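Read off the chains here:
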Amino acid sequence: MHILVSACLLGVNCKYNHGNNENEEVKKLMKNHCLIPVCPEIMGGLPTPRVPSEIKGDKVVTETGKDVTKEFEAGARETLKIAKMYHCKRAILKEKSPSCGCGQIYDGTFSHTVIEGDGLTARLLKKNGITIQNEHEICGEKTE
Ligand code: SF4
């Protein structure tokens, strides 16, 4: 089965600060699944490194006040394109991200305050019937 995965969870340096969120539990799934890495923010045309962004109402804005909603929407569409290409029914996405976050996101004040909600890519994938989990929800999953 092909599983879509936030590329930063596999150790790709696509995070806003040019770092990653490498996660050993996620990487273990490579033993018996084909993981398809995606980074919606890069695929939407944003650079690395970049100014961090949060969802504020119906927009996505950077910490310096720039509206990057179009780039986030484009990244979500590109991610869905790849999900369809590989017939992915499942995605493991980085928690709290304004793109990948599922269930919880930051509130748009850049104060590390978490609220209920999904990132733009998580929303679009869910709308298209793809099951989303964050990196903590797969803990203990059988990999052998
Ligand atoms: S957009 Fe998703 S894959 Fe890209 S750095 Fe952010 S959380 Fe990771």
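In this report, the structure presented in the accompanying data block is examined. (Residues numbered from 1 in each chain as written. Predicted model: local features only at pLDDT ≥ 70, side-chain atom pairs only at ≥ 80, totals over all residues.)

### Remarks on the overall build of the chain
Our working definition: Going along the chain from the N terminus, every DSSP run of H or I of four or more residues is numbered as a helix, and every run of E of two or more is numbered as a strand. Two things to know: the radius of gyration comes from C-alpha atoms, and the globule rule equals 2.2 Å times the number of residues to the power 0.38. Each residue is classified by how many other C-beta atoms fall within 10 Å of its C-beta atom, where C-beta atoms are placed from the backbone; a count of 20 or more means buried, 12 or fewer means exposed, and values in between mean partly exposed. By definition, residues are in contact whenever their C-beta atoms, placed on the basis of the backbone, come within 7 Å of each other.
When helices and strands are tallied, the chain shows 4 helices and 8 strands. For the chain, the succession of helices and strands along the chain, N to C, is β-α-β-α-β-β-α-β-β-β-α-β. Computed over the C-alpha atoms, the radius of gyration of the chain is 14 Å, within 12% of the 15 Å expected from 2.2 N^0.38 for a compact globule of 144 residues. A buried classification covers 39% of the 144 residues belonging to the chain. When contacts within the chain are restricted to residue pairs at least 6 apart in sequence, those whose partners lie at least 24 apart make up 63%.

### Regarding the sheet that holds strand S5 (residues 90-93)
Put simply, the test is: We treat two strands as partners when DSSP finds at least two bridges between them. Inter-axis angles, ranging from 0 to 180 degrees, are taken between N-to-C directions of lines fitted to C-alpha atoms, where helices are fitted over the stretch in contact.
Spatial ordering of the open sheet is given by S2-S1-S5-S8, a layout of 4 strands whose pairing is parallel. Two strands lie at the open edges of the sheet, namely strand S2 (34-38) and strand S8 (131-134), each paired on one side alone. Within the sheet, the average angular offset between the axes of one strand and its neighbour, ignoring direction, is 25°. This element, helix H3 (residues 69-85), spans strand S1 (2-6), S2 and S5 of the sheet and lies at about 160° to S2.

### Digging into the pairing of strand S3 (residues 53-56)
By the bridge criterion, 4 bridges tie S3 to strand S4 (residues 59-62) in an arrangement that is antiparallel. Within S4, the residue paired with lysine 56 across the bridge is lysine 59. From the end of S3 to the start of S4, which pair antiparallel, there are 2 residues, and glycine 57 there has a positive phi angle of about 65°.

### Re the environment of asparagine 128
Looking at where asparagine 128 falls in the secondary structure, it is placed in the loop between helix H4 (120-127) and S8. For asparagine 128, a count of 11 C-beta atoms within 10 Å puts it in the exposed group. Asparagine 128 sits 12 residues away from glutamate 116 along the chain, and the two C-alpha atoms are 20 Å apart.

### Structural notes on the site of the ligand
Under the convention used in this document: Here, nearness is defined through the C-beta atom: a residue counts as near a molecule or strand if that backbone-placed atom lies within 6 Å of it. When residues are sorted by character, Ala, Val, Leu, Ile, Met, Phe, Trp, Tyr, Cys and Pro go into the nonpolar class, Asp, Glu, Lys and Arg into the charged class, and all the rest, Gly among them, into the polar class.
Ser6, Ala7, Cys8, Cys14, Lys15, Cys39, Pro40, Glu41, Lys94, Ser97, Ser99 and Cys100 make up every residue found near the ligand. When its residues are assigned to classes, the shell around the ligand shows 6 nonpolar, 3 polar and 3 charged.

### Points about H4
Note on helix geometry: an α-helix contains 3.6 residues per turn, so any two residues three or four positions apart are oriented the same way. Those residues of H4 that sit buried are Leu120, Thr121, Ala122, Leu124 and Leu125. On its buried face, H4 sits against helix H2 (40-43), S4, H3, S5 and S8. Backbone geometry just after H4 places glycine 129 at a positive phi near 85°.

### Structural notes on H3
Just so we agree on the cut-off: A helix is expected to reach a length of 1.5 Å times the quantity of its residues less one.
For H3, which comprises 17 residues, the first-to-last C-alpha distance of 24 Å matches the rise-based estimate of 24 Å (1.5 Å per residue) to within 8%. If you check which residues of H3 are buried, you get Glu71, Phe72, Gly75, Ala76, Thr79, Leu80 and Ala83. Among the structural elements, S1, S2, H2, S4, S5 and H4 are those in contact with the buried residues of H3. Immediately downstream of H3, the backbone of histidine 87 shows phi near 55°, a positive value.

### Notes on the environment of histidine 136
Its place among the elements puts histidine 136 in the segment after S8. On the neighbour-count criterion, histidine 136 (9 C-beta atoms within 10 Å) is exposed. In this structure, the C-alpha to C-alpha distance between histidine 136 and isoleucine 92, residues 44 residues apart in sequence, is 9.4 Å.

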